[in-house]
Every structure is written in C-alpha cells, then in structure tokens.
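Given next are the chains, with one letter for each unit.
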Amino acid sequence: MFRSAVLRSAATVARAAVRPAPSAVARRFALAPAPRVSAFTPKTVSFQAVRCYASGGGLQEEEVYERIKQLLSNFDKVNDPANITPKAHFANDLGLDSLDTVEVVMAIEEEFSIEIPDKDADQIHSVEQAVQYILKQPDAN
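Residues take numbers from 1 onward in each chain, read along the sequence in its written order. pLDDT decides what is reported in this predicted model: residues at 70 or higher carry local features, side-chain atom pairs at 80 or more are listed and counted, and totals for whole chains, interfaces and linings draw on all residues regardless. Derived side-chain values reflect all non-hydrogen atoms in the structure, with water molecules and hydrogen atoms excluded from consideration.

Time to look at the overall build of the chain. The helix and strand labels rest on DSSP assignments: H or I over at least four residues marks a helix, E over at least two residues marks a strand, and numbering proceeds from the N terminus. Within the chain, the secondary structure is distributed over six helices and zero strands. Here the term buried applies to any residue with accessible area under 20% of the maximum for its type, exposed to any over 50%, and partly exposed to those in between, with areas from a 1.4 Å probe on protein chains only. Buried positions account for 26% of the 141 residues belonging to the chain. By definition, residues are in contact when any of their heavy atoms lie within 4.5 Å. Across the chain, every contact between residues at least 6 apart in sequence was considered, and the portion connecting residues at least 24 apart equals 53%. Counting every atom, the chain has about 10400 Å² of accessible surface; 56% of that belongs to carbon and sulfur. For the area figures, the Shrake-Rupley method with a 1.4 Å probe applies, and any residue is considered shielded solely by the protein chains shown.

Quick look at the environment of Thr 85 now. Note that Thr 85 resides in the loop between α3 (61-73) and α4 (98-112). By relative accessible area, which is 33% here, Thr 85 ends up partly exposed. If we skip the residues at most four places from it in the chain, Thr 85 touches Tyr 65 and Val 127.

Before going further, it helps to examine the packing of α3 against helix α6 (residues 127-136). Viewed as axis vectors pointing N to C, α3 and α6 meet at an angle of 130°, and their least axial separation amounts to 10 Å. What the angle tells us is that α3 and α6 run oblique. The two elements α3 and α6 cross, and the hand of that crossing is right-handed. Contact residues: α3 offers Glu 61, Val 64, Tyr 65, Ile 68 and Leu 72, while α6 offers Val 127, Ala 130, Val 131, Gln 132, Ile 134 and Leu 135. Only C-alpha atoms enter the line fits that serve as axes; for helices the fit covers just the stretch in contact. Angles between N-to-C directions range over 0 to 180 degrees. Any angle between 65 and 115 degrees counts as roughly perpendicular, while under 35 counts as roughly parallel, over 145 as roughly antiparallel, and the rest as oblique. Rotating anticlockwise by less than a right angle from the far helix to the near helix defines a left-handed crossing, while the corresponding clockwise rotation defines a right-handed one.

Okay, here's the thing in structure tokens:
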C-alpha cells in the first residue's frame, strides 16, 4: 500500500511538472514566458498519507500453551511431563520449588522475548497464569 501511495504521488508530481507547449496564438501575444515549475518545488509536490494496520498478529492461547508446555517438558526438575496441563500448578502438580519457579519464569521471558517485572513474576504460579500473562503482553512474540 505504501509503495502504491508513493507511486501515485510521484505521478501527480510528474503531471504537474509537464506542461503542454503553448499554441502559436499564445506565443504571439505572450509578453514573457511563464516560469517553468521544477518537479521539486514544494508547491507542486503532494504526497498522500497512508496508514497501514495489521490485524490478527497477536499470539493465540493454544500456541502460547504449547510453547510453555514444551518449555516445561524440557525442564529437568519437572517430576512428570504428563502432568503438564493448562491448569497445572508449578509446585503442587509439577513438583517445582520457589527457585525452580523463578527459573521457569526466566525461561518464559527468554522464550517470548519479554521482560517480566519481579512484582508480576511473583504472581505466576501455574501454567494458566503464565499463559494469561503472556497473552496480555503486546510485545510478546
């Protein structure tokens, strides 16, 4: 869209810069030739502003869950990878202690290229909370 807007603007400038040759009658009665307008004169340059919006570019809940599940299944201290469900609690269901939970949150930060403040990291104790937190982050990828 941006390219087509630039091309339309360039065509407008080109049309404004090209003038037809004066007729014989006009040349006969002309006192002075009309000033030639440069293609770069600010009065003749016009650009169309174009805004481009993206839609549907955010992460989906299923995708976030699968990535967190993969991350947790590769984590050595998870007692049984079969226990990793959307409702799984890090300490109760997966057998992680508080230090392991901090490591998991750091791994989630790295996986989704975000930074989770300590205040928010202290509130993440389950897979569901982690998924919901990631979905609320606009810059998570």
